[in-house]
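Secondary and tertiary structure notes
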Amino acid sequence: MTDLHIENVVIIGGGTAGWIAAAAMTRLLSPSLNITLVESEAIGTVGVGEATIPQIRRLNGVLGLNEDEFVRETRGTFKLGIEFNNWGHVGERYLHTFGDAGINLANLHFHHYWLRSRSEGSDASLWDYSLHHKAAYAHQFGRMERVGNTSMTGLAYAFHFDAGLYAQYLRRLAEAAGVARVEGKVVDVSLRPETGHIESVTLENGQSIAGDLFIDCSGFRGLLIGDALGVGYQDWSHWLPCNRAIAVGSESTDLLLPYTKATAHDAGWQWRIPLQHRTGNGHVFCDAFTDETRATETLLTNLDGAPTGDPKPLRFTTGRREKFWHKNCVSLGLASGFLEPLESTSIHLIQSNVSKLVELFPTRAFDPAIEDEYNRQVSHEYELIRDFLILHYHRTDREDSEFWRYCKNMQVPESLSAKMDLFEAGGLLYKDPEDLFRESSWVQVMIGQGLQPKSYHAMANRISSEQLTGFLTDVQRLIDRATTDLPDHRAFIDAHCKSDLQ
Ligand SMILES: Cc1cc2nc3c(=O)[nH]c(=O)nc-3n(C[C@H](O)[C@H](O)[C@H](O)COP(=O)(O)OP(=O)(O)OC[C@H]3O[C@@H](n4cnc5c(N)ncnc54)[C@H](O)[C@@H]3O)c2cc1C
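Thresholds applied
- Along each chain, residues carry numbers from 1 onward, in the same order as the chain's sequence is written.
- Reporting of local features is limited, given that this is a predicted model, to residues whose pLDDT is at least 70; pairs of side-chain atoms are given and counted only at 80 or more, and all residues count toward the totals for whole chains, interfaces and linings.
- Here the side-chain values reflect all heavy atoms present in the structure, with hydrogen atoms and water set aside.
- The numbering of helices and of strands both runs from the N terminus, where a helix is a DSSP run of H or I of at least 4 residues and a strand a run of E of at least 2.
- Under the rule applied, a polar contact is a pair of N or O atoms within 3.5 Å (in protein, one hydrogen donor and one hydrogen acceptor; residues adjacent in sequence only if both atoms are side-chain atoms).
- Each residue's exposure class comes from its accessible area (1.4 Å probe, protein chains only) as a fraction of the maximum for that residue type: buried when under 20%, exposed when over 50%, partly exposed otherwise.
- Working rule for contacts: check all heavy atoms of both residues, and any pair within 4.5 Å makes them a contact.
- It suffices for a single heavy atom of a residue to lie within 4 Å of a molecule or strand for the residue to be listed as near it.
- Per-residue and other accessible areas were derived by the Shrake-Rupley procedure at a 1.4 Å probe size, with only the shown protein chains allowed to occlude residues.
- Points on a 1 Å grid, built from protein atoms alone, make a cavity when a 1.4 Å probe fits but cannot get out and make a pocket when they are open with protein on both sides within 12 Å along at least 5 of 7 lines; residues with an atom within 4 Å of a point are the lining residues.
- Grid points are joined across faces, edges and corners, and a volume is the space filled by probe spheres set on the points.
- Classification convention: Asp, Glu, Lys, Arg as charged; Ala, Val, Leu, Ile, Met, Phe, Trp, Tyr, Cys, Pro as nonpolar; all other residues, Gly among them, as polar.
- Pairing between strands is defined by DSSP: at least two bridges between the two strands are required.
- For this analysis, a nonpolar core means a set of buried residues of the types Ala, Val, Leu, Ile, Met, Phe, Trp, Tyr and Cys, connected via side-chain atoms within 4.5 Å.
- A helix's residues, less one, multiplied by 1.5 Å, set its expected span.
- Axes, fitted as lines to C-alpha atoms, cover a helix only where it is in contact. Angles between the N-to-C directions of the axes lie from 0 to 180 degrees.
- For Phe, Tyr and Trp, where Trp contributes only its six-membered ring, two rings pair if their centres lie within 6.5 Å, and the inter-plane angle classes them as stacked under 30 degrees, edge-to-face over 60, or tilted in between.
- Any carboxyl oxygen of Asp or Glu that lies within 4 Å of a side-chain nitrogen of Lys or Arg is treated as forming a salt bridge with it.

Here's the deal with the side chain of His160
Checked against the element boundaries, His160 lands in strand β6 (residues 158–160). Side-chain polar atoms of His160 contact the side chain of Thr77, separated by 2.8 Å. One polar contact links His160 to Thr260, side chain to side chain, over a distance of 2.8 Å.

Rendered as structure tokens:
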């Protein structure tokens, strides 16, 4: 039997995507592979991408990271969710937390009991039963798997970190594990005439690098997947219209919030990401509804600390590659698509796609069945996240600007309108097993954006009104008890993972 195993993998790009791919693949597939990563300091990285979701802890586990060291090295902070301001309604806010509100009872989701209590006159919000909400607004953080010995889960968390330091940290790990880094700019890509597969890339200094499998992590340009192989891009900007961003750092504030803020403006929204040494900010907007000057002004007038540098403009088109894997090339990160940063899903997509690539790792035969399966899985994953993002824009009562009127009235994918109709009809949810976002996320965002179910599930009536009140009170007592001794977020960082480089 001929040995068809892949020996040489070439990664183009040393941003978050390139270094995650290098660090994870070397850990999971080496020593059978030689991995070479080419990056160009002259081109640099996109330099944003500083908020994550809890799934990143799985990647950290795969990489064998010590979490405190990782937070220290990246000057990171902890994240319990995202606060959405002015999205459903100007002046209103809600927190999309990483945890469940309440506790499910007798196989029925908690929100049905809460909806019943509202129908019986309670004015408590869903978040009055959320541990994450209470901890976040008290600026607390601690590691808690479970609340005492109850069935209530503890704090699910992610991180905010400095994107540049994160890439450097991953680079150190990957290089220590044997990844070879080559500095240089790719100026040419050679294809095999008989198959159209990539044979090698040529750098500006004339060096040629050949490989069996090429991973395109070259950012928005898609140097291999797009420029060399001609794979097209599906434009989703009719659903996710923002196409520009201005990013700027600002001096950090005394209060270290354990959550990201996403504040809606007239033609987009602004992020606020707290790090140990600075706050990251950015205004994401659509240039059909405002211009760069006004967008920059909006950003700068809404900072809560003095800017630490010049605002940096970025352009993008929301959407995805027609194919993520084509011939002997797999694209990751921004080269494979971008769904805008509202729910911090891009870094997750990198890690999730690397893990799919490892699971479906090909041989040099590059059987199309493997490529097809990978493309099917990744397309579906993108579409599920896309729908969740569109929900934030579309389910709004805002009609105060042309941008919001467009979002409110746009035609959304059938897959999303079916979900919204089901929830409105009776608080019901359809869970796709491959959806990154769990029921609890859909409920929080649908309720937070103002989508009110007309009814709740009949099973919530199995308990008496007194039992319902007792149950809801118990949930709140548990939350109070769980947060009593929870440390302050900054105190926790100072004790465990404070960066030496303040
Ligand atoms: C405004 C904005 C906000 C974002 N916020 C978040 C967030 O909060 N959370 C999140 O998860 N994600 C976020 N993202 C996405 C996140 O930034 C990216 O997913 C992540 O940084 C990965 O980028 P990348 O590695 O694909 O590309 P890049 O960082 O652009 O890296 C590309 C690499 O390719 C190299 N390269 C390019 N051309 C060549 C060449 N010819 N020769 C050699 N090397 C080359 C470059 O030098 C660089 O090393 C955001 C993105 C944007 C635009």
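Considering the side chain of Lys356
Tracing the backbone shows Lys356 in helix α9 (residues 346–359). Overall, the relative accessible area of 14% leaves Lys356 in the buried class. The contact partners of Lys356, leaving out residues within four places of it in the chain, are Tyr374, Gln377, Val378 and Glu381.

Side note on the site of the ligand
Neighbouring residues of the ligand: 34 residues in total, closest Gly14, Ala51, Val186, Leu334 and Ile347. Val186 places a polar main-chain atom, nitrogen or oxygen, 2.8 Å from a nitrogen atom of the ligand. Between the ligand and Cys217 there is a distance of 3.4 Å, counted from an oxygen atom to a backbone nitrogen or oxygen. With the chains in place, 96% of the 1000 Å² that the ligand exposes on its own is no longer accessible. Of all elements in the fold, only α1 (16–29) and α9 reach the threshold of two or more residues within the shell around the ligand.

Focus on empty space enclosed by the protein
If you walk through the whole model with that rule in mind, you get three cavities of 30 Å³ or more. Lining the largest cavity are Lys419, Leu428, Leu429, Tyr430, Lys431, Asp432, Asp435, Arg438, Glu439, Trp442 and Met446. The element contributing the most residues to the lining of the largest cavity is helix α13 (residues 439–448), with three residues. Counted by class, the lining of the largest cavity contains five nonpolar, no polar and six charged residues. Here the second largest cavity defines a volume of roughly 40 Å³.

A look at the sheet that holds strand β1 (residues 8–12)
Hydrogen bonding along the main chain pairs the strands of a sheet, whether they run parallel or antiparallel. Read from one edge of the open sheet, six strands run β7-β2-β1-β11-β20-β19, paired in mixed fashion. At either margin of the open sheet sits one strand with a lone partner, and together these are β7 (180–183) and β19 (325–326). Of the pairings in the sheet, the one linking β1 to strand β2 (residues 34–39) comprises five bridges and is parallel in character. When the sheet's bridge partners are listed, Val10 is paired in β2 with Thr36.

Brief notes about the nonpolar core
Grouped together as the largest cluster of nonpolar side chains are 138 residues, with contacts concentrated most on Met25 and Tyr393. Among all residues touching Tyr393, those that are not within four sequence positions of it are Trp87, Leu240, Cys242, Trp269, Glu340, Leu342, Phe403, Trp404, Cys407, Lys408 and Met410.

Quick word on helix α10 (residues 368–394)
For an α-helix the count is 3.6 residues per turn, leaving residues at separations of three or four pointing the same way. Spanning 27 residues, α10 covers 38 Å between terminal C-alpha atoms, matching the ideal 39 Å at 1.5 Å per step. Along α10, 19 of the 27 residues are buried, which leaves the element largely enclosed by surrounding structure. For α10, the capping residue at the N-terminal end is Asp367, with a side-chain oxygen 2.9 Å from the backbone nitrogen of Ala369.

Some thoughts on the sheet that holds strand β9 (residues 198–203)
Ordered by their spatial adjacency, three strands build an open sheet running β8-β9-β10, and the pairing between neighbours is antiparallel. Each of the sheet's edge strands pairs with one partner strand only, and the pair in question is β8 (186–191) and β10 (208–210). Neighbouring strand axes in the sheet, compared pairwise and without regard to direction, differ in orientation by 25° on average. Here β9 runs beside β10; their pairing, made up of three bridges, is antiparallel.

Concerning the layout of surface pockets
Empty space within the second largest pocket amounts to approximately 930 Å³. Every residue lining the second largest pocket is counted, 34 residues in all, and those nearest its centre are Pro54, Gln55, Arg58, His348 and Leu436. For the lining of the second largest pocket, the secondary-structure elements that each account for two or more residues are α1, α2 (56–63), α9 and α10. Top element by residues in the lining of the second largest pocket is α9. It accounts for seven residues. The class makeup of the residues in the lining of the second largest pocket is 13 nonpolar, twelve polar and nine charged.

Considering the packing of aromatic side chains
Describing an aromatic ring pair means giving the distance of the ring centres and the angle of the ring planes. This structure, assessed with the given rule, holds 34 aromatic pairs. Taking the centre distance of 4.1 Å and the plane angle of 15° together, the rings of Phe78 and Phe141 count as stacked. Of this pair, Phe78 sits in strand β3 (residues 77–79) while Phe141 sits in the loop between α5 (131–137) and β6, and the two are 63 residues apart along the sequence. Each member of the pair Phe78 and Phe141 is classed as buried. Arranged with centres 6.1 Å apart and planes meeting at 20°, the rings of Tyr393 and Trp404 form a pair that is stacked. Taken together, the residues span a long stretch of sequence, with Tyr393 in helix α10 and Trp404 in helix α11 (residues 402–409) at a distance of eleven residues.

Quick word on the pattern of salt bridges
Applying the stated criterion across every chain, the model contains 30 salt bridges. Between Arg398 and Asp400 there is a salt bridge, and its shortest N-O distance comes to 2.7 Å. Judged by relative accessible area, Asp400 falls into the partly exposed class, the value being 44%. Note that Asp474 is salt-bridged to Arg477, the shortest N-O span being 3.3 Å. Residue Asp474 and its partner Arg477 are both found in helix α14 (residues 465–484); the two are separated by three residues, about one turn of the helix. One network of salt bridges, in which partners are shared, links Glu39, Glu41, Arg181 and Glu183.

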